[in-house]
Structure formats: structure tokens, C-alpha cells
Amino acid sequence: MKIGLFTPMLFHLSVDELVDKLVELGVEMVEIGTGNYPGNPHCDIDELLADEKKLREYHGGFAAKGIQISGLSCHGNPLHPDAEFAKSNHVTWRKTVQLAEKLGVGVVNCLSGCPGDSEGSKFPNWVTCMWPPDYLEVLEWQWNEKVIPYWKEEAKFAKSHNVRVALELHPGTVVYNPETLLRLREAAGETIGANFDPSHLFWQGIDPVAAIRELKGAIFHVHAKDTLIDRTNCSVNGVLDTKHYDQLRRRSWIFRTVGYGHDLQTWKEIVSALRIGGYDYVLSIEHEDVLASPEEGLRKAVAFLREIIFEDELPGGMWWA
């Protein structure tokens, strides 16, 4: 297993500066955003798709320094009821798949998206309860009319380009926990899997180790990001929290650098569960910690993960397998 990072935290750096920073930190993998949420200052997707020479130079700039691209990411909402917004997100998604194939990257990370409640909707509608019964009607309409048809087609498209689809289990989208991921995987096929981010599970009350066991064989990529739960605020208002991230004292939870929300033992158990389940790829650091600068958060995360990962892993798998 290798340590990587997701590039938004270093948007202020040029591509060459980014590569140098990765080398300085001893990071072996990088996850690159291509558009949608967030933008793509480290990847001009149209230029790279149009110019084979620039594509080779771009890939070679990472490879020459021993950096592997773990995945391309285009988090967006291609199911948005705003047709123009959805189309823009869809186009970026498809271009990202095509670029991944050209770069030899086997995983594209994204979100499932979330439709509205009808054809006439203006905004997405994330259903979180089953009563009154209107909500179940909305949910089934979303899945049967929008979610499954879209992702069945896009799974075929990704497979035709030798790419797997890693959906982040993210509240606010229709795929937000193991059950919803497996529902879509059953409908659209095994090209669909997870970009497993424990931070979004922690605050929902999901045990990441139990989730990993449930998702065996369906985890394609992993984010290393933590969440600090404020037990006092949770005991008053629960975990569903719409307050802005800067309202630290009032929120039920906030994102933290790994190790600042849950201890070393918790993360050891997460990594061990991943290994037992057959995952041996990347732990991609995603920095969204409002209490630490990107530079400090990244350095602390790298040091923390090095404490967990065995560098001298047995070749060919585990001896008892």
C-alpha cells in the first residue's frame, strides 16, 4: 500500500512545483482533479486529449520522478435537474475517462450525483427519511428513472475505456453508504465501486471497518481523511449539520487531518481491514482541515500514515492466503 495525495490542497503550485513537492515529501502517488468540483489547475484536460506530445510530457513529468497517478477525479453532479449544469458535469466525466485511458490510469473517482424530485425540479433533492410517504416515491423515481439508467450506460462507457468507476460515498448524493453503493453496483455492474473515504462515514455513525468488510472487492481507491465528532453538539442536534465549516464551536463534526479525529489504533484497524479484504493500492490524503494549513496538514498526514503502513510487505500476498 502506498501514500498518495489529492491535489486541491496544492492548487497554488504549478505542475512542476507539485511534482517537486511530492518528491520532497516522499509521496509515491498522486490523485489529480480534472474539473467539476474542484477545478483543474494541474490538468488541462482538453489540451492533453488533443495533443499526444503534451500528453506524453505531462505523464513523463510524474513518471520521471517515480510518481504514479493513482486516479483522476471529477466530483460533480451529472444528474442535476439543471440540464446545462448536468451536461457540463457529464462532459467533464467522459473526457476524464478518455484521459485516464490515455494515461494508463485505471480509476476515475467521482460522485453518483443526485437528481431532483421530478422532471420539473430546479435543485437536487437528497432523501434522508421514509415518511411521509412522498419521500419514498421520490427516492424510487430517482433511482429507477435517473440513477440506474445513467450509471448503467456510463459503466459501459468506462469499461470500454478500461477504466473503473470509484464513487465516493458522500452524503448529499444518492450513493452515500455501503448499501446504496452495492445497490447501484448490482444494477450497473462491477465496473462500479467505491472511492472509500472514512471521513464521510465517521460522522454518519458508520464503522469504517464494518463498511470495508461489506464492500469487499468493491473498493477501488481510498481517501485518507478524518473527522472529529463533537459529542456535546451531537448529543443536542444529531449528526445532520448544515452549518458552515467555519462555525467550529457549533458544528456536530468537522473534517480533520488523519489522526486528529480518530486515534492511531482506529486507523491501523482500517488499513488492516483493507489489506485483509484484498485492497493494496493507495491511501490518498485529502486535506479539508480548517485548523491546519495544507502544508502542515499534509506533512502530519504523511508521517501518521507511515506509522501504519508496513513498507516491507510480503510479496505475493499474505502467507496464510
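Calculation notes
The written sequence of each chain sets the order in which its residues are numbered from 1. Reporting of local features is limited, given that this is a predicted model, to residues whose pLDDT is at least 70; pairs of side-chain atoms are given and counted only at 80 or more, and all residues count toward the totals for whole chains, interfaces and linings. For side-chain calculations, the full set of non-hydrogen atoms in the structure is used, while hydrogens and water are omitted. Two strands qualify as a pair provided DSSP detects at least 2 bridges between them. Elements are defined by DSSP. Helices are runs of H or I of four residues or more, strands are runs of E of two residues or more, and each kind is numbered from the N terminus. Only C-alpha atoms enter the line fits that serve as axes; for helices the fit covers just the stretch in contact. Angles between N-to-C directions range over 0 to 180 degrees. Only protein chains enter the accessibility calculation, which uses a 1.4 Å probe. A residue is then buried if its area is under 20% of the maximum for its type, exposed if over 50%, and partly exposed in between. Note that patches include only residues with greater than 30% relative accessible area and no salt bridge, and the join distances are 9 Å for like charges and 5 Å for nonpolar side chains (Val, Leu, Ile, Met, Phe, Trp, Tyr). Residue burial considers only the protein chains on display, and all accessible areas are found by Shrake-Rupley using a 1.4 Å probe. By definition, a salt bridge exists where a carboxyl oxygen of Asp or Glu is found within 4 Å of a side-chain nitrogen of Lys or Arg. Here a cavity is any set of points on a 1 Å grid over the protein atoms alone where a 1.4 Å probe fits but cannot get out, and a pocket is any open set with protein on both sides within 12 Å along at least 5 of 7 lines; a residue lines the site when it has an atom within 4 Å of a point. Grid points are joined across faces, edges and corners, and a volume is the space filled by probe spheres set on the points. Three classes are used, and their members are as follows: Ala, Val, Leu, Ile, Met, Phe, Trp, Tyr, Cys and Pro are nonpolar, Asp, Glu, Lys and Arg are charged, and the others, Gly among them, are polar.

Enquirer: Which residues make up the sheet that holds strand β4 (residues 107–110), and what values do they have?
Expert: The strands that make up a sheet pair up through hydrogen bonds in the backbone, lying either parallel or antiparallel. Spatially, eight strands are ordered β1-β2-β3-β4-β5-β6-β7-β10 in a closed barrel, and the strand pairing comes out parallel. The mean inter-strand angle of the sheet, taken between neighbouring strand axes irrespective of direction, is 30°. Inspection of the sheet shows strand β1 (residues 2–6) paired to strand β10 (residues 282–285) by four bridges, in the parallel sense. If you follow K2 over to β10, its bridge partner there is V282.

Enquirer: Break down unusual backbone geometry for me, with residues and values.
Expert: The peptide bond linking W131 to P132 adopts the cis configuration, its omega dihedral lying at 0°. Mapping P132 onto the fold places it in the loop between β4 and α5 (134–160). With a phi close to 60°, N36 is a non-glycine residue in the positive phi region. Looking at where N36 falls in the secondary structure, it is placed in the loop between β2 (29–33) and α2 (45–50). Under the relative-accessibility criterion, N36 is labelled partly exposed at 21%. Positive phi, close to 60°, is recorded for N162, a residue that is not glycine. Secondary-structure assignment places N162 in the loop between α5 and β5 (164–168). N162 sits in the exposed class, given a relative accessible area of 60%.

Enquirer: Explain a nonpolar patch on the surface residue by residue, including any values.
Expert: The grouping of Y245, L248, V290 and L291 at the surface amounts to a nonpolar patch, some 340 Å² of accessible area in total. Tracing the backbone through its elements, the reader meets Y245 in the loop between α9 (231–237) and β9 (253–256). Judged by its relative accessible area of 37%, Y245 is partly exposed.

Enquirer: Tell me about empty space enclosed by the protein, residues and numbers included.
Expert: For the coordinates displayed, the defined rule picks out two cavities of 30 Å³ or more. In this structure, the largest cavity spans a volume of roughly 60 Å³. Around the largest cavity, the lining residues are N36, C74, G76, N77, P78, N89, W93, C110, L111 and W151. Of the residues belonging to the lining of the largest cavity, the class tally is six nonpolar, four polar and no charged. Put simply, the second largest cavity is a space of about 40 Å³. Together, A224, K225, T257, V258, I285, E286, H287, G297 and A301 line the second largest cavity.

The quantities given are spatial measurements derived from coordinates; they are silent on function.
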